[in-house]
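Results of the structural survey
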Amino acid sequence: MKKVIEGSHAVSHAVALAKVKVISAYPITPQTHIVEMLAELVASGELDARYIRVESEHSAMAAVIGSASAGVRSFTASSSHGLALMHEMLHWTAGARLPIVMAEVNRALGAPWNIWADQTDSLAQRDTGWLQFYCEDVQEVLDSIILAYRLAEQISLPVMVVFDAFFLSHTYEQVDVPEQAQVDSFLPPWQPADFLDPLNPRAFNQMASPEFYMEFRYKIQQAMEQALEIYPQIDAEFNAMFGRSYPLVELCPAIAGETAPLALVTSGSMTGTARVTQRELRAQGILFDLIKVRSFRPFPTQQIRDLLGNYSKVAVIDRNISLGSGGIFANEIAGALSSMEQRPTVYPFVAGLGGRDVTQTSITEMIQRALGSTPPEDILWSGLKA
Amino acid sequence: MPIELPAKESVYPGHLACPGCGAVIAMRFVLKGLGEKVIMAIPACCWSIIAGPFPFTALKVPILHTAFETGGAVASGIRAALDVKGDEETQVVTWAGDGGTFDIGLQALSGAAERNENILYICYDNEAYMNTGVQSSGATPLGSWTTTTPSNMPKQTRKKDIMQIMAAHRIPYAATASIAYPEDLVRKIQKAAGIKGTRFIHIYAPCPTGWKVPSEISVRLARLVVQTRIFPLYEVEDGIRYNITEDTVGYLIDEYYKSQGRFKHLKREQLDQIQDQVDQQWQRLKSLSKL
């Protein structure tokens, strides 16, 4: 059914459709609308679940670790400082192989205080063993939650569905909310092989000595690689049922079947702005192909090589920064391309930190800089005030 | 009051505790009291090691090993999962040390208690961070040596009164217990098991390694600490109804303190100061128990 809903509420609808049984969360702007609606759905009985109103984000993740360890589908949501406080438990979740799904609203970290869009919070969690999917619009946010449970429960790893503060979390868009029966068919109940059970007592997460620890990590890496392999099939099933598809990396050429002189790589909500910019510049004879990276973990290294290897120039826009290094997507992309004999020149733009708008004008300016004679640097700042 | 203890053991031989470990005796009695319909959450503490490394376990109940500060929160999540599955019978137990309870886990415990989560939270108290090598915690008593409160600058402040903190949350049941009084301990565990909501048991569990005492005097110290009224045995219902469960003659504290290496630097006037505090605390508890 088509509805005009807020990005945050798209998450809440999806969590209800996924028949999540335990929700635990702590409020932080701009995540609050997600959990407020979930609390209402639980209170009214529309969602048959327990809502645990914890005293911190650290406890929110600990509580869903408890419920998922007991074999029940579990959800939490957070952002920025809340996600940073959870950091220890993010490692614990992935290490314990729990298929928890979290909605993570990208917000800048202090100091100074800032509540607006910035990807550094989630990207700083890249080594925790969580899958991370970055969304472009509200429909993708809703669909990603459902896709995330299906994938997470198949590979026994947690998934973060990531989207920009306010640009998506507080924006109303027309969304096709799937029918419950279809979601039930796509996402059957979770049936874990092992869970906390007095009739089958086992110890979970105990000390693993150097004799064993490395293999635990190897198996997580294998599961990440498995995710890259099985996701296209899950996405195809989703597409067959709901008529929408979300590849891990999407190529949107300026002219179908041709390779433009420049590829622009984006993630998150700025991708929508880049699509419009691509159309407008094409009318003026300026061509660039757009590459949307949806999956940051697992990083689709081979697809990045296959899609970007043929270009002479690749511009990457990062709404994030690893301070002392540079834009994080650009670094990962440069790393993926480094083993190729012929590889494009990478133009690593940093733009839009702390919620500053990345507009058609600023994207056009970045395209022109990359297409022009500007030599690439380790960081190309966009929109920086003098 | 004599009580029949089940002969069945739920702690396997071959666990990894030090000789004389009070925390193992405590676990044995707790599981004798609870039976095997138990899920146990163990945040970082000595028992993270005692229970055995992968792929072994020393307990006949399922264990979720978890991060240091998560005892209250993880148990809340397990309880919620059992509730949605319709399992009301299984007891969810957090088994935490004093560091994980008095210090790093206090926030999550307070949150769980405020929500009155239906969990049994047990703190076995050996009065310092023993697993990491005897560092001072909020449960370390005044005057004690630890590796972070050396004997020329021993612990300068009193032990945190965790029972008062828990009583202030108005949870339905809180009690102290000692491994030297197994009937009292098991009776309290079984009473707690019959109550819904957050239940808190504070078990005194000597650590011969950290206290610098011979391993064979663990139980003796656990009895002396009660008989000297340093650690009285009592329970608190709904945060207001106090009941002393073991009346004692009130021996002077000297023998308890002088038999432990961790207190050997204490002078007469310091022992007198501690005796005064013990007497005042006892009077306070006596007056509360008459209310």
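Residues numbered from 1 in each chain as written. Chains lettered and ligands numbered in written order. Predicted model: local features only at pLDDT ≥ 70, side-chain atom pairs only at ≥ 80, totals over all residues.

Attention shifts here to the overall build of chain A. Tallying secondary structure elements over chain A gives 12 helices and 16 strands in all. Computed over C-alpha atoms, the radius of gyration of chain A comes to 21 Å, within 12% of the 21 Å expected from 2.2 N^0.38 for 386 residues, which places it in the range of a compact globule. Here chain A, with 386 residues, has 52% of them falling under the buried criterion. (Helix = DSSP H or I, 4+ residues; strand = E, 2+ residues; numbered from the N terminus. Rg over C-alpha atoms; globule rule 2.2 N^0.38 Å. Buried ≥ 20, exposed ≤ 12 C-beta atoms within 10 Å, placed from the backbone.)

Helix and strand content of chain B: 11 helices and 8 strands. A compact globule built from 291 residues should have a C-alpha radius of gyration of about 19 Å, and chain B, at 18 Å, falls within 12% of that. The dimensions of chain B, computed from C-alpha atoms along their principal axes, are 60 × 45 × 35 Å. By the burial criterion, 54% of the 291 residues in chain B qualify as buried. A separation of at least 24 residues holds for 68% of the contacts in chain B among residues at least 6 apart in sequence. (Contact = placed C-beta atoms within 7 Å.)

Interpretation of this model should avoid reading the predicted coordinates in detail wherever pLDDT is low. For chain B, per-residue confidence averages 97 on the pLDDT scale, and residues scoring 70 or more make up 99% of the total. In the predicted complex, the global pTM is 0.97; the interface-specific ipTM is 0.97. (pLDDT = per-residue confidence, 0-100.)

Turning our attention to helix α5 (residues 106-114) of chain B. Each turn of an α-helix holds 3.6 residues, which means side chains three or four residues apart point in the same direction. For α5 of chain B, the set of buried residues is Ala108, Leu109, Gly111, Ala112 and Ala113 of chain B. Asn116 of chain B sits one or two residues past α5 of chain B and shows a positive phi near 50°.

Residue and element names in this part refer to chain A. The N-to-C vectors of helix α3 (residues 57-69) and helix α4 (residues 80-95) enclose an angle of 25°; their axes lie 7 Å apart at closest approach. Compared by their axis directions, α3 and α4 come out roughly parallel. As α3 runs across α4, the sense of the crossing is right-handed. For the pair α3 and α4, contact is made by Glu57, His58, Met61, Ala62 and Ile65 and by Gly82, Leu85, Met86, Met89, Leu90, Trp92 and Thr93, respectively. Here the residues of the contact of α3 with α4 sort into 8 nonpolar, 3 polar and 1 charged. (Axes fitted to C-alpha atoms, helices over the stretch in contact; angles between N-to-C directions. Parallel < 35°, antiparallel > 145°, perpendicular 65-115°, else oblique. Left-handed = near helix turned anticlockwise from the far one by under 90°. Nonpolar A, V, L, I, M, F, W, Y, C, P; charged D, E, K, R; others polar.)

The next subject is the interface of chain A and chain B. Across the contact, 38 residues belong to chain A and 40 residues belong to chain B. The set of elements that each furnish at least two residues to the side of chain A that touches chain B consists of β2 (22-25), β3 (50-53), α3, α4 and β9 (203-204) of chain A. The residue makeup of the side of chain A that touches chain B, split by class, is 20 nonpolar, 11 polar and 7 charged. Bridging between β9 of chain A and strand β2 (residues 63-66) of chain B involves 2 bridges; their strand directions are parallel. Looking at β2 of chain B, one finds that Ala203 of chain A is bridged to Ile63 of chain B. (Pairing = 2+ DSSP bridges.)

Further remarks concern the sheet that holds strand β4 (residues 120-125) of chain B. What links the strands of a sheet is backbone hydrogen bonding, and the strands pair in either a parallel or an antiparallel sense. Ordered in space as β9(A)-β2(B)-β1(B)-β3(B)-β4(B)-β6(B)-β5(B)-β7(B)-β8(B), the 9 strands form an open sheet in which the pairing is mixed. Looking at strand neighbours, the two that pair on one side only are β9 of chain A together with β8 (241-244) of chain B, the edges of this open sheet. Strand direction decides the pairing type here: strand β5 (residues 173-178) of chain B and strand β7 (residues 234-237) of chain B, joined by 3 bridges, are antiparallel. By the bridge assignment, Ala174 of chain B is partnered in β7 of chain B with Val236 of chain B.

Another aspect to go through is the environment of Glu332 of chain A. If you trace the backbone, Glu332 of chain A turns up in helix α11 (residues 328-337). Between the C-alpha atoms of Glu332 of chain A and Ser382 of chain A, which are 50 residues apart in sequence, the distance is 20 Å.

It is worth spelling out the pairing of β4 of chain B at this point. All names here are of chain B. With respect to burial, β4 is a largely interior element, 6 of its 6 residues being buried. Burial of β4 is two-sided: the residues Leu120, Ile122 and Tyr124 facing one way and the residues Tyr121, Cys123 and Asp125 facing the other way are all buried. Inspection of the sheet shows strand β3 (residues 91-97) paired to β4 by 5 bridges, in the parallel sense. In the strand pairing of β4, Thr94 is matched with Tyr121. As paired elements, β4 and strand β6 (residues 199-204) share 6 bridges and run parallel to each other.

Below, the discussion takes up the environment of Pro300 of chain A. Residues and elements named next belong to chain A. One can find Pro300 in the loop between β13 (295-297) and α10 (301-308). On the basis of neighbour count, Pro300 is assigned to the buried category, with 22 C-beta atoms found within 10 Å. Once the C-alpha coordinates of Pro300 and Leu248 are considered, the two residues, 52 residues apart in sequence, prove to be 7.1 Å apart. Each residue touching Pro300, except ones within four places of it in the same chain, is listed here: Leu228, Leu248, Val249 and Ser295.

All names here are of chain A. Contact geometry for helix α9 (residues 270-283) and helix α12 (residues 360-371): axes closest at 9 Å, N-to-C directions at 65°. Judged by the twist between their axes, the crossing of α9 over α12 is right-handed. Listed contacts from α12 to Thr273, Ala274, Val276, Thr277, Glu280 and Leu281 of α9 are Gln360, Ile363, Thr364 and Ile367. Per-class residue counts for the contact of α9 with α12 are 5 nonpolar, 4 polar and 1 charged.

Bringing unusual backbone geometry into the picture now. A cis amide bond, omega -5°, links Ala111 of chain A with the succeeding residue Pro112 of chain A. Within the element layout of this structure, Pro112 of chain A appears in the loop between β5 (101-106) and α5 (120-123). The linkage connecting Phe54 of chain B with the following residue, Pro55 of chain B, adopts the cis geometry, with an omega of 5°. The topology assignment puts Pro55 of chain B in the loop between α2 (46-50) and β2. One non-glycine residue, Glu127 of chain B, adopts positive backbone phi at about 70°. Checked against the element boundaries, Glu127 of chain B lands in the loop between β4 and α6 (162-168).

Residues and elements named next belong to chain A. Spatial strand order, β3-β2-β4-β5-β7-β6-β13: 7 strands in an open sheet with mixed pairing. Each edge of the sheet is formed by a strand with only one pairing partner; in this case those strands are β3 and β13. For this sheet the average axis-to-axis angle between neighbouring strands, irrespective of direction, equals 20°. Sheet topology places strand β6 (residues 131-134) next to strand β7 (residues 159-164); 4 bridges connect them, and they run parallel. Within the sheet, the bridge partner assigned to Phe133 lies in β7 and is Val161.

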